[in-house]
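Spelled out from the first residue to the last, the chains are:
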Amino acid sequence: MDFKLDPADEAFRREVRAFLREHLPPDLAKRGASGFHPVRADQRRWQRTLYDRGWGAPNWPTQYGGTGWSHLRQFIFDEECALAGAPATDNGGLRMFAPVIYTYASDELKARLLPGILKGELYWGQGFSEPNAGSDLASLSARAIRDCDHYIVNGHKIWTTGAHTCDIIGLLVKTQPDAKQRGISFLCVEPGAAGITIRPIIDIGEAHSLNEVFFDNVRVPVSNLLGEENKGWTYAKAVLENERATSAEVPLNKRKLAQLRMIARQERSDGHRIIDLPGFAPRLAQLEVDLRALEWLTLRALTEKSEGTCLPYGSLLKVRGSELVQRIGELTIEALEQYGTYVYAEPGEDPDAKPVWPPGPDYAPGVTADFMYRRAATIYGGANEVQRSIIARSFLEL
Amino acid sequence: MDFRLTDEQEMLRDSARRFLEKECSLEQRRSAPTHGEFSGKRWTAFADMGWLAASLPEDCGGLGGDVVEAALIMEEFGRALVVDPFWGVGVLAAQTILAADREQARQLLPKLCAGELLPALAHHETQSRGVIEHVSLQARPAGKDAWTLHGHKTLVMGGNVANRFIVSARTAGGNRDRDGITLFMLDREAQGLKRQNVRLIDNRWAAELALDGVRVTSEHLLGEADQAYAALEHAHVHGLLTLCSEAVGVMERALWITRDYLRTRKQFGVTLNTFQALQHRMAEMLIELEVSRSVVYRAMAFLEMPSAERLAALSVTKARVGQSGRFICGQAIQLHGGIGVTEEYSIGHYFKRMTVIENELGSAQFHLEQLALRECAGPTPAVTAPHDSGAPT
């Protein structure tokens, strides 16, 4: 057993840190560290910077232009980026869809999709959930009927993050309506195609990242079918598994806890720093304890994953990671008092926007919006109750 | 970073598990611990298997392992709820001797490894809680290089069978000073030493010591006078880490015993495992177990860090393990229903062991408070001017 980080990995961390110091522009870092959803223009700029450094795809193998890094190095990289306030890169494209594309898609589709993701020119939306297919995803009913070299798609998707700014939607459709899992196919659809209507969903943080997407006789070329017809469920499961691998969101939680600590030392109550109030510091310490435990559970997951293991790490991490982000948010809002209750409107997609905000310290805008949005953390990626059922059935064999 | 056991470590764990399942089951030791008896035969077996030597250096008669080996053994002890004083003698006392004075360690530890010397660490006092430097037992000067000892020690683990006591005493400074603590090695029958054996709720035994003018000289010194804090901290760190490993063993076994019970017990015409409320509770128990195991690994990584960092890391670990342990073992009883609160059935004993662990070397609450104090001690960052309105700057 060896519990220490390899010196080479330590050196790698320093290298990443130095790179961020030099190449992460302050305006990007400022917006990245706020709780508002990342601005696409920032994501493009940052992804291009990473691409130029050869770090465009930390989780891909080198043959597709990835870094070929170990899981541990990817984690170190993510952590340093988050702590520096770098804009979140395109999780959907880079982490969830790309591995499925290079594993299952045709060479033609790979060549068409992967370089764009790598360079930050092609962004993904996830067209999985439907109004009547949430946790029970396999009961989806969007329908694709083959018509010569096209599919005609009809259906209604929901919770599609970034549909309004993405370049391609990974869409699950039924190609055999009577079969459940075995009748599902995976199509890559351009959101600008005729017959697609996108309707924004404003979340309780008054921010727009989610959408409903309606498909009305949309013609999708058969060449946009990922892998084989009726094998979509396999690919979808792989996508969701990719989502869960990073689901503790330790880097994000670290940044948020550091922010809370800073706020609690700054804000005052009747002359005392919030952190010095008798009840506050133990609650902060509890979050630190739980974050550290989660960090090391993640490290176990990352280093053991290559060995093949039976512990359901994805579900374990998902449950505690999503709870933690909510708990950190609760205490942060509390520490902000009035500033936690003011509406600081989301600046939106324009990075140069100068929103008119109510008074407050400059760390206040975005905190409450994100706190509200993160109520979804225990729901998205498979609700925590579903995760508990997975743990109970698959591992505990109950 | 590699969390896999080496082949040797795996062998150690497996042989410990086999031996303990065969020789130390709950049924076998039902009468012995109740009467405070100690099986010299079993202790010799521990020595023969190299458990007492596993985490000690070779020049002290050890096998050259580090804390990982003791932690593995303790995890197995936790699974089997072993009551023999391995922790008190083989970890706390042994590590105190090792860190106090290497020359004395070379003399004493080979005998400890052989199972002949059974020292117990008499450091804990009624107001210690988790504070290492809390020592109020007085060593009053009584001539050149001589003192008389006055005061009390509590929760001396294995004190009922120890043939030596390592007593921490205050030779200088106040009750909470790190300087001025001295260790004395006393014979079990030292004059002026009164011992009362105490059975703990988990059927392990400890002793309360009352020292009323016990006369000691420099002959009895373990390490240098006034300088014992570092050795006590070293032992405390090893003690905490192995205790938390033991707790992981306790939690893991309690979880699987409960899982098996849910699959067999029938109510309303079905086995209990079909109820989702119970499935989800068990999923939570597994998460708590694995979170705790992870945070024990983390503490291992901090062992050689500067004092403040490693103590903070151990506080993180003990806090989390204490909380998880209470949840898992409490729910283990709950999911069993009535049978869970009977003395005859095993699961309540896991709860009791966990309760003792929670009260040793500082509770979860104590360690959380230590971390909270660290949070408050941090500097306030430079004040950023509140913006009046409009654009972020």
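Everything numeric here is computed off the predicted structure, so don't read it as measured data. (Residues numbered from 1 in each chain as written. Chains lettered and ligands numbered in written order. Predicted model: local features only at pLDDT ≥ 70, side-chain atom pairs only at ≥ 80, totals over all residues. Heavy atoms only, no water.)

The next point concerns the pattern of salt bridges. Following the criterion strictly, the structure yields 68 salt bridges over all chains and no others. The partner of B:Glu103 in a salt bridge is B:Arg106, with the nearest N and O atoms 2.9 Å apart. Here the residue B:Glu103 and the residue B:Arg106 both occupy positions in helix α6 (residues 102-113), the gap between them amounting to three residues, near one helical turn. A single network of salt bridges, built from pairs that share partners, joins A:Arg13, A:Arg17, A:Glu79, A:Glu80, A:Lys254, A:Arg261, A:Arg265, A:Glu288, A:Arg292, A:Glu295 and B:Glu375. (Salt bridge = Lys/Arg side-chain N within 4 Å of Asp/Glu carboxyl O. Helix = DSSP H or I, 4+ residues; strand = E, 2+ residues; numbered from the N terminus.)

Turning our attention to the interface of chain B and chain A. A common way to report how large an interface is uses the accessible area buried once the components associate. Each side of the interface is counted separately: chain B has 57 residues, and chain A has 58 residues. Here chain B packs against chain A, burying approximately 5,300 Å² in sum over the two surfaces, 63% of which is carbon and sulfur. Inspection of the chain B/chain A interface yields nine salt bridges. Of the charged contacts in the structure, one is a salt bridge between A:Arg320 and B:Glu284, with a shortest N-O distance of 2.8 Å. The tally of links between chain B and chain A comes to 19 residue pairs in polar contact (both at pLDDT 80 or more). (Contact = heavy atoms within 4.5 Å. Buried area = accessible area lost by both parts, 1.4 Å probe. Polar contact = N/O pair within 3.5 Å; in protein donor to acceptor, adjacent residues only side chain to side chain.)

Residue and element names in this part refer to chain A. At a minimum axis separation of 11 Å, helix α2 (residues 26-33) and helix α3 (residues 40-53) run at an interaxial angle of 125°. As judged from the angle between their axes, α2 and α3 are oblique. As α2 packs across α3, the resulting crossing turns out to be left-handed. On the side of α2, the interface is formed by Asp27, Leu28 and Arg31, while α3 contributes Asp42, Arg45 and Trp46. (Axes fitted to C-alpha atoms, helices over the stretch in contact; angles between N-to-C directions. Parallel < 35°, antiparallel > 145°, perpendicular 65-115°, else oblique. Left-handed = near helix turned anticlockwise from the far one by under 90°.)

Our focus in this paragraph is the pairing of strand β3 (residues 150-158) of chain A. Residue and element names in this part refer to chain A. Note that strand β2 (residues 143-147) and β3 share five bridges and pair antiparallel. Paired with arginine 143 across the strands is asparagine 154, a residue of β3. Where β2 hands over to β3, the hairpin turn is made up of two residues, of which cysteine 148 adopts a positive phi near 55°. The pairing of β3 with strand β7 (residues 208-221) spans eight bridges and is antiparallel. Counted as the bridge partner of lysine 157 is valine 213 from β7. (Pairing = 2+ DSSP bridges.)

Attention now moves to the domain arrangement of chain B. Residues and elements named next belong to chain B. Looking at chain B, the domain boundaries give domain 1 (7-117), domain 2 (121-226) and domain 3 (230-377). Spacing between the C-alpha centres of domain 1 and domain 2 amounts to 23 Å. Facing the 20 residues of domain 1 at the interface are 18 residues of domain 2. Inspection of the domain 1/domain 2 interface yields zero salt bridges. Counting across the interface, domain 1 meets domain 2 through three residue pairs in polar contact (both at pLDDT 80 or more). Looking at the side of domain 1 that touches domain 2, the elements that each hand over two or more residues are α2 (31-34), α5 (86-100) and α6. If one sorts the elements of the side of domain 1 that touches domain 2 by residue count, α5 sits on top with seven residues. (Domains from an automatic or database assignment.)

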